[in-house]
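So you can see what is in the structure, the chains are spelled out below.
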Amino acid sequence: MPDKKNINLVVNGKPYELLIGKDVLPSDTLAQTLRDTLGYLGTKIACDRGACGACTVILNGQAVLSCTTLTVECDGMSVTTIEGLEDPKTGQLHPLQQAFIDHTAFQCGFCTPGIIMTTKALLDENPNPTEDEIKQALAGNYCRCISHYEVLKAIMAAIQGGKHG
Ligand code: FES
Ligand code: FES
């Protein structure tokens, strides 16, 4: 995009116009832009090289690693971060978020936003996945605190409770 001066992004339903060279450098990752420029600190950066899934967000409906996605590649796209899951009117947590709390599906919580965003993208595409399909979808999301069993229980409970979309 040689002549492009701005990047237009919609984050959690809110439009942003970012000036290239000022608000966003060509080398900025989406994770950096979300956290450092726009203040969406729910998106975590752990490995910063595409190996752990902590930085997962939903970009135009797909779960992506925001640490390996350049912001300049996202012009005209929509991003959903963990902050975008709660009900914007009531502030009520998304059923997936609530299920993680109800089942204590985390310890330090650093991996949790990425796991929830990967799961959200899966459930948007397949509302009734099997346990194996959930494990497969989450294969790239590492949890150093070994919360995987509780994560699976929380996701299955959210699926059984419905209304997780
Ligand atoms: S921080 Fe992006 S994959 Fe680890
Ligand atoms: S809860 Fe600590 S890394 Fe997953």
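Residues numbered from 1 in each chain as written. Chains lettered and ligands numbered in written order. Predicted model: local features only at pLDDT ≥ 70, side-chain atom pairs only at ≥ 80, totals over all residues. Heavy atoms only, no water.

### Some points on the pairing of strand E1 (residues 6–11)
Part 1 of the argument: With burial as the criterion, only one face of E1 is covered, namely that bearing Ile7, Leu9 and Val11; the residues Asn6, Asn8 and Val10 on the opposite face remain uncovered.
Part 2 of the argument: Taken together, the six bridges between E1 and strand E2 (residues 14–19) define a ladder with antiparallel strand orientation. Opposite Asn6, over in E2, you have Leu19 as the bridge partner.
Part 3 of the argument: Counting the residues between successive antiparallel strands, the hairpin from E1 to E2 contains two residues, one of them, Asn12, with a positive phi of roughly 50°.
Part 4 of the argument: Bridge analysis of E1 against strand E5 (residues 77–80) gives three bridges, and the strand direction is parallel. Paired with Val10 across the two strands is Ser78, which belongs to E5. (Buried < 20%, exposed > 50% of the residue type's maximum accessible area, 1.4 Å probe, protein only. Helix = DSSP H or I, 4+ residues; strand = E, 2+ residues; numbered from the N terminus. Pairing = 2+ DSSP bridges.)

### Comments concerning the packing of helix H2 (residues 95–102) against helix H3 (residues 112–125)
Part 1 of the argument: Contact geometry for H2 and H3: axes closest at 10 Å, N-to-C directions at 130°. Regarding the angle of H2 to H3, the classification is oblique. Relative to H3, the crossing made by H2 is right-handed. Contact with H2, carried on its side by Leu96, Gln97 and Phe100, involves Thr112, Ile115, Ile116, Thr119, Lys120 and Leu123 of H3 and no other residues of that element. (Axes fitted to C-alpha atoms, helices over the stretch in contact; angles between N-to-C directions. Parallel < 35°, antiparallel > 145°, perpendicular 65-115°, else oblique. Left-handed = near helix turned anticlockwise from the far one by under 90°. Contact = heavy atoms within 4.5 Å.)

### Topic: helix H5 (residues 148–161)
Part 1 of the argument: An ideal rise of 1.5 Å per residue puts 20 Å on 14 residues; H5 measures up with 20 Å between its terminal C-alpha atoms.
Part 2 of the argument: Residues of H5 that are buried include every one of Val151, Leu152, Ala154, Ile155, Met156, Ala158 and Ile159, and no others.
Part 3 of the argument: Summarising the contacts, the buried residues of H5 are in contact with H2, H3 and helix H4 (131–137).
Part 4 of the argument: Gly162, located one to two residues past H5, shows a positive phi value of around 70°. (Expected span 1.5 Å × (residues − 1).)

### Quick notes on the domain arrangement of the protein
Part 1 of the argument: When its domains are assigned, the protein resolves into domain 1 (6–82) and domain 2 (95–161).
Part 2 of the argument: With centres defined by C-alpha atoms, the gap from domain 1 to domain 2 works out at 22 Å.
Part 3 of the argument: Buried surface at the junction of domain 1 and domain 2, summed over both partners, amounts to about 1,200 Å²; 65% is from carbon and sulfur atoms.
Part 4 of the argument: The largest per-residue losses of area from domain 1 upon contact with domain 2 belong to Cys52, Ile58 and Ile82, which jointly make up 40% of the total buried on that side. (Domains from an automatic or database assignment. Buried area = accessible area lost by both parts, 1.4 Å probe.)

### A short note on the layout of surface pockets
Part 1 of the argument: In this structure, the largest pocket encloses a volume near 170 Å³.
Part 2 of the argument: What lines the largest pocket is Ile115, Ile134, Lys135, Leu138, Asn141, His148, Tyr149, Val151 and Leu152.
Part 3 of the argument: If you list the elements that add at least two residues to the lining of the largest pocket, you get H4 and H5.
Part 4 of the argument: Its residues assigned to classes, the lining of the largest pocket shows six nonpolar, two polar and one charged. (1 Å grid on protein atoms, 1.4 Å probe; cavity = no way out; pocket = protein on both sides within 12 Å on 5 of 7 lines; lining within 4 Å. Points joined across faces, edges and corners; volume = space filled by probe spheres on them. Nonpolar A, V, L, I, M, F, W, Y, C, P; charged D, E, K, R; others polar.)

### Overview of the sheet that holds E1
Part 1 of the argument: The strand order across the open sheet built from five strands is E2-E1-E5-E3-E4, with neighbouring strands paired in mixed fashion. This sheet does not close on itself; its edge strands, each paired only once, are E2 and strand E4 (62–65). For this sheet, the mean inter-axis angle between neighbouring strands, taken without regard to orientation, is 35°.
Part 2 of the argument: Here helix H1 (residues 30–37) sits on the sheet and contacts E1, E2, strand E3 (56–59) and E5; the angle it forms with E3, its principal contact strand, is near 100°.

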